[in-house]
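Single-letter residue listing:
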There are 2 protein chains.
Amino acid sequence: MATTEVTATISDAEWRVMRIVWTLKRADSRTIISLLEQQHDWKAPTIKTLIGRLVKKGALATTKQGRQFIYTPKIAEQPAMDSALLRELNQMCAMHRGTALVHVVDQLDLSHADVQALLDHLQTKLETAPDNVPCDCLPDGCEGSCEP
Amino acid sequence: MATTEVTATISDAEWRVMRIVWTLKRADSRTIISLLEQQHDWKAPTIKTLIGRLVKKGALATTKQGRQFIYTPKIAEQPAMDSALLRELNQMCAMHRGTALVHVVDQLDLSHADVQALLDHLQTKLETAPDNVPCDCLPDGCEGSCEP
DNA sequence: GCTTTGAGTTTACAACTGTAGTCGAAACAT
DNA sequence: ATGTTTCGACTACAGTTGTAAACTCAAAGC
């Protein structure tokens, strides 16, 4: 039942910290701090605070190693990305999500393999895709008043 | 230079209000409040606050009509959706964005036309797609330590 | 004209966020 | 053993967000 728990809400600044730890798999605070000090002009205490909050939120695990801690991700990167993205999309009008995806895909750098994977999945999806996805912005639905 | 200004940062709750106004094109507060009271269990004053903040943020325009205001969107829906989505994606590891999109597309309800549009755009993109998009989580890049 | 009522404004307040200083204890060097 | 460096914990503080009550006018009704 404890399925990786992607529920924790990670803020923008915290996301930067997670990316470091996700990439390195494990890191001590010295490493995290020095890397982030390069990327942003954050002071060390700022980064310490972020790390602390992530630990409290259950996004990072700690392992005492001598005087200091080794931090490891407690939630996986891809599921966290997936659900953050889905959350964002689900907050928007269902009818316009497709267009938003088109626009976003246009602007994004995607690898050949990623584009191919998307093509494959969409090809499959094409068969069962409904003729239209109605707007879900109004309580009742959006009949009539919500034409594109 | 004043290109619709999609810069305003709209919070989750505020987004609900915008969706109503975007869908109706124009609405008075009574309408907005009554619709949102149905969807959520928000009290009227809560919704008034949200409307007020959106006006201050420049996301809604007001037109005095007798005793009350008519609210109209000052920013367009689709660009707002696009940039919110892009912002979210750009905050994540470049290397994994493609996979996130695949997962999200799988879980989303998309119309036939939307799927087709995505297929078209991706087909075009396929030709120029790079072999791989490197991880951009670490300051220097991510050579070696960032294998999938 | 005067009162009622409803729309917008102001105030409230806790939680979360971005940003950062300070402190105490532990580890290290001498 | 003592001074020093260092790491994590605690404190701080303003701005945003979610949530909502109170207040203030001016328009609408009588």
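All figures in this text were calculated on a predicted structure; none of them were measured in a lab. (Residues numbered from 1 in each chain as written. Chains lettered and ligands numbered in written order. Predicted model: local features only at pLDDT ≥ 70, side-chain atom pairs only at ≥ 80, totals over all residues. Heavy atoms only, no water.)

Our next topic: the protein's contact with DNA strand D. What surrounds DNA strand D is a group of 19 residues, the closest being S29(A), R30(A), S11(B), T49(B) and R67(B). Within 4 Å of the protein, the contacting atoms of DNA strand D are drawn from sugar and phosphate to the extent of 62%. In this structure, R30(A) approaches DNA strand D through a side-chain N or O atom, which is 2.6 Å from a phosphate oxygen. Here a phosphate oxygen of DNA strand D sits 2.5 Å away from a polar atom, N or O, in the side chain of S11(B). Going through the elements one at a time, α2 (29-39), α3 (44-57) and β3 (68-73) of chain A together with α1 (12-24) and α3 (44-57) of chain B are the ones with two or more residues in the surface near DNA strand D. Considering each element in turn, the surface near DNA strand D owes the most residues, 5 residues, to α3(B). (Near = heavy atom within 4 Å. Polar contact = N/O pair within 3.5 Å; in protein donor to acceptor, adjacent residues only side chain to side chain. Helix = DSSP H or I, 4+ residues; strand = E, 2+ residues; numbered from the N terminus.)

This paragraph deals with the protein's contact with DNA strand C. Taken together, 19 residues lie around DNA strand C, and S11(A), T49(A), R53(A), R67(A) and S29(B) are the ones closest in. Of all DNA strand C atoms lying within 4 Å of any protein atom, the proportion belonging to sugar or phosphate reaches 62%. D12(A) is positioned with one of its backbone polar atoms (N or O) 3.5 Å from a phosphate oxygen of DNA strand C. Here T49(A) contributes a side-chain N or O atom positioned 2.5 Å from a base nitrogen of DNA strand C. Contributing elements (two or more residues each) for the surface near DNA strand C: α1 (12-24) and α3 of chain A together with α2 (29-39), α3 and β3 (68-73) of chain B. Top contributing element to the surface near DNA strand C by residue count: α3(A), with 5 residues. Looking at side-chain class alone, the surface near DNA strand C contains 5 nonpolar, 6 polar and 8 charged residues. (Nonpolar A, V, L, I, M, F, W, Y, C, P; charged D, E, K, R; others polar.)

In short, the description is geometric, and any link to function would need to be established separately.
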